[in-house]
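Tertiary structure, described
So you can see what is in the structure, the chains are spelled out below.
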Amino acid sequence: MMAAVAQFSFVPEAETRELASDLRDLFAELAETLPLEQRVYSGECHPALDVVETPSGVEIIVDVAGVPAPALRLLFRGDTLIIAGEKAPAAASAEPTFHLVEREFGRFARAVRLTGAFDVQRAHASLAAGELTIVLPRLADRRGRAHTSPVTSPAERRP
């Protein structure tokens, strides 16, 4: 069973507005909670990510070297996971002279569309060695299993 990810699939307009609103809220929260030295006032960052299906669910691994955990936010809406954050440049003690600049700094948001049933209440994320790993456990498939339901009389029912 493939938990296929269609990262660049069509998103209905109403859902796009909701996701845009969610992103504004996430970045506003970061602006309120991050210390000044971790804030980014310009720029955009594009961290690479991998989506890996495992026997028990899906793992999303995002390269976020230099981003502290308080500067990261995760949001689940419908079948979309949004990963947002801010990567601030390292503080320089004096006016540096750059010879080459390749690392990106700034705000970022990545959206991953997931198909399948996942237990977002049991989802967890960890940050280690510059990688954010998000684990989404799959809900147990109950199709094909027998289910019983008790039969009660009106006197046995409770309001």
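Every value quoted in this text rests on a predicted model; they were computed, and no experiment measured them.

**A word on the pattern of salt bridges**
The final tally for this structure, using the stated rule, is seven salt bridges. For Arg-77, the salt bridge identified is with Asp-22, shortest N-O distance 2.5 Å. Note that Arg-77 is positioned in strand E3 (residues 72-77) and Asp-22 in helix H1 (residues 13-33), a separation of 55 residues in sequence. On the basis of relative accessible area, Asp-22 is assigned to the buried category, the value being 9%. Between Arg-73 and Glu-29 there is a salt bridge whose closest N-O contact spans 2.8 Å. In this pair, Arg-73 sits in strand E3 while Glu-29 sits in helix H1, placing the two residues 44 residues apart along the sequence. What makes Arg-73 buried here is its relative accessible area of 14%. According to the relative accessible area criterion, Glu-29 is partly exposed, its value standing at 35%. Look at the salt bridges and you will find they share partners, linking Glu-18, Asp-22 and Arg-77 into a network.

**Quick look at the pairing of strand E1 (residues 49-54)**
Of the pairings in the sheet, the one linking E1 to strand E2 (residues 57-63) comprises six bridges and is antiparallel in character. Of the residues in E2, the one forming a bridge with Val-51 is Ile-60. The turn joining E1 and E2, which pair antiparallel and follow one another in sequence, is formed by two residues.

**Details of the confidence of the model for the protein chain**
Chain-level pLDDT for the protein chain is 80 on average; 79% of the residues reach the 70-or-more range. Predicted confidence is poor over residues 1-11, with pLDDT under 50, and the contacts of this stretch with residues over four places away or in other chains come to 26 contacts.

About the criteria used
- Residues numbered from 1 in each chain as written.
- Predicted model: local features only at pLDDT ≥ 70, side-chain atom pairs only at ≥ 80, totals over all residues.
- Heavy atoms only, no water.
- Salt bridge = Lys/Arg side-chain N within 4 Å of Asp/Glu carboxyl O.
- Helix = DSSP H or I, 4+ residues; strand = E, 2+ residues; numbered from the N terminus.
- Buried < 20%, exposed > 50% of the residue type's maximum accessible area, 1.4 Å probe, protein only.
- Pairing = 2+ DSSP bridges.
- pLDDT = per-residue confidence, 0-100.
- Contact = heavy atoms within 4.5 Å.

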